[in-house]
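Survey of secondary and tertiary structure
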Amino acid sequence: MSELAPIKENGKALSESKKGELLQYLTFKLIDETYGINVMQIKEVLRYSEIAPVPGAPSYVLGIVNLRGNVVTVVDTRVRFSLPECTITDDTRIIIIEHDGEQVGLLVDAVQEVFYLYQGEIEQSPSVGNDEALKFIQGVYQKEEELVILLELNRMFERNDALGIEAMN
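Remember, predicted model here, so these are calculated numbers, not experimental data.

1. Some words on the confidence of the model for the protein chain
Mean pLDDT for the protein chain: 83, with 77% of residues reaching 70 or above. Here residues 1-5 is modelled with pLDDT under 50, and outside its nearest four sequence neighbours on either side it reaches zero contacts, counting other chains as well. With pLDDT under 50 throughout, residues 159-169 is counted as low confidence; its partners more than four residues away or in other chains account for 29 contacts.

Given below as structure tokens:
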């Protein structure tokens, strides 16, 4: 049996006992910002495909897609974060997550990579920006030269948030 090599950050081996639980995050882009989602919440990543609009849905709900016979609600993450809308490109992806037993798609500008970090390396997010986006932020992580905004997806879909997803699935 082979041993796992220690995870290194900036050339230094990290001690799990000092840093807490080892986590894995997928990064994606919205405009010029990098966001991260814990991979344990992700089911799959899809190329953009036609989304059927749903009349009466909240403005940030683009509509629904058929994923192997399952209806999946797709949320425009930019609109949900009060960011300007953009056009669809070849890099646009739909990240399928599971929330309360339901699959939900998050439309993002581009998916980047998966990386590891320890729980203790997550810093508290500064209180800047609009309140809508701030309530979804778990914390931030300085990854090399880039700041990654780590999201708390459960806050995006709280029942008292009037998401409207429950009624559409």
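2. Looking at the layout of surface pockets
The computed volume of the second largest pocket comes to approximately 170 Å³. Forming the boundary of the second largest pocket are 14 residues, of which Leu-62, Asp-76, Cys-86, Ile-88 and Leu-107 lie nearest the centre. Taken together, the residues that form the lining of the second largest pocket break down as eight nonpolar, two polar and four charged.

3. A short note on the side chain of Asn-38
Assignment of secondary structure puts Asn-38 in strand β4 (residues 33-38). Of note is the side chain of Asn-38, whose polar atom sits 2.9 Å from the backbone nitrogen of Met-40. Among residues more than four places away in sequence, those in contact with Asn-38 are Leu-23, Gln-24 and Tyr-25.

4. Side note on the sheet that holds strand β3 (residues 22-30)
Taking strand neighbours across the sheet as the criterion, the five strands line up as β10-β3-β4-β12-β11 in an open arrangement whose pairing is mixed. In the strand order of this sheet, the two ends are held by β10 (110-118) and β11 (137-143), each with one partner. The mean angle between the axes of side-by-side strands here comes to 35°, regardless of whether they run parallel or antiparallel.

5. Side note on the packing of aromatic side chains
Going through the model one piece at a time under the given rule, you end up with five aromatic pairs. A network of ring pairs unites the aromatic residues Phe-28, Tyr-35, Phe-81 and Phe-136 as a single cluster. Taking NZ or CZ as reference, Lys-143 lies 5.6 Å from the ring centre of Phe-115, over its face.

6. Observations regarding the side chain of His-99
Inspection of the secondary structure puts His-99 in strand β8 (residues 93-99). For His-99, a relative accessible area of 11% gives the class buried. For His-99, the side chain forms a polar contact with the side chain of Asp-100, separated by 3.4 Å. When neighbours within four sequence positions are excluded, His-99 is seen to be in contact with Asn-154 and Phe-157.

About the thresholds
- Residues numbered from 1 in each chain as written.
- Predicted model: local features only at pLDDT ≥ 70, side-chain atom pairs only at ≥ 80, totals over all residues.
- Heavy atoms only, no water.
- pLDDT = per-residue confidence, 0-100.
- Contact = heavy atoms within 4.5 Å.
- 1 Å grid on protein atoms, 1.4 Å probe; cavity = no way out; pocket = protein on both sides within 12 Å on 5 of 7 lines; lining within 4 Å.
- Points joined across faces, edges and corners; volume = space filled by probe spheres on them.
- Nonpolar A, V, L, I, M, F, W, Y, C, P; charged D, E, K, R; others polar.
- Helix = DSSP H or I, 4+ residues; strand = E, 2+ residues; numbered from the N terminus.
- Polar contact = N/O pair within 3.5 Å; in protein donor to acceptor, adjacent residues only side chain to side chain.
- Pairing = 2+ DSSP bridges.
- Axes fitted to C-alpha atoms, helices over the stretch in contact; angles between N-to-C directions.
- Phe/Tyr/Trp six-rings, centres within 6.5 Å; stacked < 30°, edge-to-face > 60°.
- Lys NZ or Arg CZ within 6 Å of the ring centre and 35° of its normal.
- Buried < 20%, exposed > 50% of the residue type's maximum accessible area, 1.4 Å probe, protein only.

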